[in-house]
Amino acid sequence: MGPLRLIAKLATAAVSTAAALTAVLMLAAAPPAAAADFPTRPITLVVPFPAGGTPDILARILSENLGKRLGQPLIVENRAGAGGNIGAQAVARAAPDGYTLLMCAFGCTVAPSLYQPPPYDIVKDFAPVAMVGTVPSVLVVNPKVPAKTLPELLAYARANPGALNSASSGVGGSAHLATELLKQRAGIDVAHIPYKGAGQVAADLLGGQVDMYFDNLPASLANIRAGKLRALAVASSKRAPAIPDVPTFAESGVPDFLITPWFGVMAPARTPDATLAALHDAFTEALAAPEVAAKMRELGVETAAGTRQALSDFVTTETARWKDVIQANHIKAE
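Residues numbered from 1 in each chain as written. Predicted model: local features only at pLDDT ≥ 70, side-chain atom pairs only at ≥ 80, totals over all residues. Heavy atoms only, no water.

Draft legend 1. Representation of the overall build of the protein. Along the protein, the regular secondary structure elements total 11 helices and 11 strands. Partitioning the contacts of the protein with sequence separation of at least 6, the portion at a separation of at least 24 is 79%. Surface summary for the protein: the accessible area is close to 15400 Å², and the carbon and sulfur share equals 58%. (Helix = DSSP H or I, 4+ residues; strand = E, 2+ residues; numbered from the N terminus. Contact = heavy atoms within 4.5 Å. Areas by Shrake-Rupley, 256 points an atom, 1.4 Å probe, with all protein chains shown as cover.)

Laid out in structure tokens, this is it:
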């Protein structure tokens, strides 16, 4: 081999080696890619609230269908405490591999403003997977309360300051903030009684130990239909199809009173995009499955999987909205 050909061959080899080295360095710097066969083991969906509440109900409706679609079981794990913060923090610290997910709810958008220091950053610590849906917030009372409509309840509260109490499943939850908003908008004096979970609230509400409660419709629907609780109004822009005879707050004389309990699935930040896309597709398909859709409709859930970006935008907007409410009413975690 002549000198010129030898030099050319060596130069080509050097270029190839440099290119290979560059590729290796780029791969090392890039975030981990999702395995082509994801998932290869069970996925855990953490519900950061006690069993029996709406997030738990929706997670279990979805779990069986999702397990079939993903080819691996979807395990629902209740990890309650601190207003949902314990479960949320656990997921935020989990490996970003798609095998640990969070059933996020209304509390995810208020915790950063309610607790100091903030337990997590909903935008920086999590990656959106899919919106599960929204449900109406319905004001229910024990039948012993001498009011069959919202105007009657407000008139009674004004005539008897401090006589009524309103329960919540925890400080800063949707029921608590709804109570504070109603007190502010309607000019009434109602005592707030925080509980440690929706199950305890339901028991005392049915027993008459507490008077009123802003509940997520799926959790109270059976008791409303059975006449064990009286629904006075829904805090949404339109009536709920599951209880069409119950008016909205606007129809009852309290305009612009909107509470949107929502439920969405989040993954730890830095989860590979391909994994997030696979999970989003699976949740979207599960929500559209006839048997799942029928159960959701029966419970009054308005499903809205949408895009991952849409969930991200929604969370950002809701976080800012409730920050204003919390600061204006000087609400603090107890």
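Draft legend 2. The arrangement of the side chain of Asn223 in detail. Here Asn223 is to be found in helix α8 (residues 217–225). Once residues lying within four places of it in the same chain are set aside, the contact partners of Asn223 are Leu206, Lys228 and Leu229.

Draft legend 3. Representation of the state of the cysteines in the model. All chains considered together, the criterion is met by 1 disulfide. The disulfide bridge from Cys104 ends at Cys108, spanning 2.1 Å between sulfur atoms. Its S-S torsion of approximately -120 degrees makes the covalent link between Cys104 and Cys108 left-handed. For the residue pair Cys104 and Cys108, the accessibility class agrees, reading buried in each case. (Disulfide = S-S within 2.5 Å. Buried < 20%, exposed > 50% of the residue type's maximum accessible area, 1.4 Å probe, protein only.)

Draft legend 4. Seen up close, the nonpolar core. The biggest cluster of nonpolar side chains holds 68 residues, and the ones touching the most others in it are Leu153, Leu182, Phe214, Ile243, Phe249 and Phe257. The element contributing the most residues to this core is helix α6 (residues 174–186), with 6 residues. The residues contacting Leu153, other than those within four sequence positions of it, are Leu139, Val141, Val145, Ala147, Leu164, Met212 and Leu232. Counting residues in each nonpolar core, the second largest holds 36 residues, with Phe38, Ile43, Val129 and Ala289 among its members. (Core = buried A, V, L, I, M, F, W, Y, C linked by side-chain atoms within 4.5 Å.)

Draft legend 5. Region of interest: the confidence of the model for the protein. For the protein, per-residue confidence averages 87 on the pLDDT scale, and 89% of positions sit at 70 or higher. This model gives residues 13–34 a pLDDT under 50, and the stretch forms 5 contacts once residues within four places in sequence are excluded. (pLDDT = per-residue confidence, 0-100.)

Draft legend 6. Representation of the environment of Ala167 in the model. Locating Ala167 in the fold gives a position in strand β6 (residues 165–168). Classification of Ala167 by relative accessible area gives buried; the value is 0%. Counting along the chain gives 31 residues from Ala167 to Ala198, while the straight-line C-alpha distance between them is 9.5 Å. Residues in contact with Ala167, not counting those within four places in the same chain, are Ala175, Ile193, Tyr195, Val201, Val210, Met212 and Tyr213.

Draft legend 7. The arrangement of the environment of Leu258 in detail. By the element assignment, Leu258 lies in the loop between β9 (230–234) and β10 (262–268). Under the relative-accessibility criterion, Leu258 is labelled partly exposed at 37%. Considered as a pair, Leu258 and Ser137 are 121 residues apart in the sequence and their alpha carbons are 8.5 Å apart. Setting aside chain neighbours within four positions, we find Leu258 in contact with Ala235, Ser236, Ser237, Arg321 and Trp322.

Draft legend 8. Summary view of the sheet that holds strand β8 (residues 212–216). Taken together, the 5 strands give an open sheet; going across it, the order is β7-β6-β8-β5-β9, and neighbouring strands pair in mixed fashion. The sheet is open, and its two borders are formed by β7 (191–194) and β9, each paired with just one other strand. Neighbour-to-neighbour, the strand axes of the sheet open up by a mean angle of 30 degrees, direction not taken into account. One ladder, built from 4 bridges, connects strand β5 (residues 137–141) with β9; its direction is antiparallel. Bridging across to β9, Val138 finds its partner in Val234. (Pairing = 2+ DSSP bridges. Axes fitted to C-alpha atoms, helices over the stretch in contact; angles between N-to-C directions.)

Draft legend 9. Seen up close, the sheet that holds strand β11 (residues 302–303). Read across the sheet, 6 strands follow the order β2-β1-β3-β10-β4-β11 without closing on themselves; strand pairing throughout is mixed. Of all the strands in the sheet, the pair left with one neighbour each is β2 (74–78) and β11. In terms of strand pairing, strand β4 (residues 126–134) meets β10 through 7 bridges, oriented antiparallel. In the sheet register, Phe126 faces β10, and the bridge partner there is Pro268. Seen against the sheet, helix α2 (residues 54–70) touches β1 (43–47), β2, β3 (100–105), β4 and β10 and runs at an angle of roughly 160 degrees to β2. Across the face of the sheet, helix α4 (residues 106–114) comes into contact with β3 and β10 while running at roughly 85 degrees to β3.

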